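Breakdown of the fold
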Amino acid sequence: MFIALERLLNLEEGYRQVFQVQGRSLLLLVVEGRTLLLENRCPHQGTPLHNATLTAGVLRCARHGIEFELASGRALNAQCPGLAYLPLAYEADRVGIDL
Ligand code: FES
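The following refers to the structure shown. (Residues numbered from 1 in each chain as written. Predicted model: local features only at pLDDT ≥ 70, side-chain atom pairs only at ≥ 80, totals over all residues. Heavy atoms only, no water.)

Another point: the side chain of Glu6. Along the chain, Glu6 turns up in strand E1 (residues 2-7). For Glu6, the side chain forms a polar contact with the side chain of Tyr15, separated by 2.5 Å. What Glu6 contacts, discounting residues up to four positions off in sequence, is Leu11, Tyr15, Phe19, Leu28, Asp93, Arg94 and Val95. (Helix = DSSP H or I, 4+ residues; strand = E, 2+ residues; numbered from the N terminus. Polar contact = N/O pair within 3.5 Å; in protein donor to acceptor, adjacent residues only side chain to side chain. Contact = heavy atoms within 4.5 Å.)

Here it is, written out as structure tokens:
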């Protein structure tokens, strides 16, 4: 089942939006021309990531400062699991997820 999240024409550089889908909080981002969808919770202790700072492709969680490389999802400055990405799906003029 396709669940639409956003219209493609709204996906501009710097886009950042949280969606609640079936009890999960998801974060949709556009960074360096790539559209990314990830769980909106830090893999460290679950802090929401929508207020994380983003610099040069690195997402820094506001709570304890762990930095995640967006290209790979891995933590750069701590022993910590990586970001949990979800595959994107496209239908007509929308981006979303297949559940
Ligand atoms: S909860 Fe994100 S760095 Fe600790």
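For the rest of this paragraph, the subject is the sheet that holds strand E5 (residues 53-55). If you walk across this open sheet you meet the 3 strands as E5-E6-E7, and the pairing is antiparallel. This sheet does not close on itself; its edge strands, each paired only once, are E5 and strand E7 (67-69). Going across the sheet, the axis of each strand differs from the next one's by a mean of 25°, ignoring polarity. Of the strand pairs in this sheet, strand E6 (residues 58-60) and E7 are connected by 3 bridges, and their pairing is antiparallel. For Arg60, the partnering residue across the bridge sits in E7 and is Glu67. (Pairing = 2+ DSSP bridges. Axes fitted to C-alpha atoms, helices over the stretch in contact; angles between N-to-C directions.)

In total, this model carries 5 salt bridges according to the counting rule given. A salt bridge links Glu39 to Arg24, with the shortest nitrogen-to-oxygen separation between them at 2.6 Å. Residue Glu39 is located in strand E4 (residues 34-39), and its partner Arg24 is located in strand E3 (residues 24-31); the two are separated by 15 residues in the primary sequence. When the shortest N-O distance is used, the salt bridge between Asp93 and Arg94 registers 3.2 Å. (Salt bridge = Lys/Arg side-chain N within 4 Å of Asp/Glu carboxyl O.)

As paired elements, strand E2 (residues 16-21) and E3 share 6 bridges and run antiparallel to each other. Looking across to E3, one finds that Gln17 is bridged to Leu28. With antiparallel pairing between neighbouring strands as the criterion, E2 and E3 make up a hairpin whose turn holds 2 residues, including Gln22 at a positive phi of roughly 50°.

Our focus in this paragraph is the sheet that holds E4. Strand order in this open sheet of 3 strands is E2-E3-E4, and the pairing throughout is antiparallel. Two strands close off the open sheet at either side, each with one partner strand: E2 and E4. Going from strand to strand, the sheet's axes swing by 25° on average, the running direction of each strand aside.

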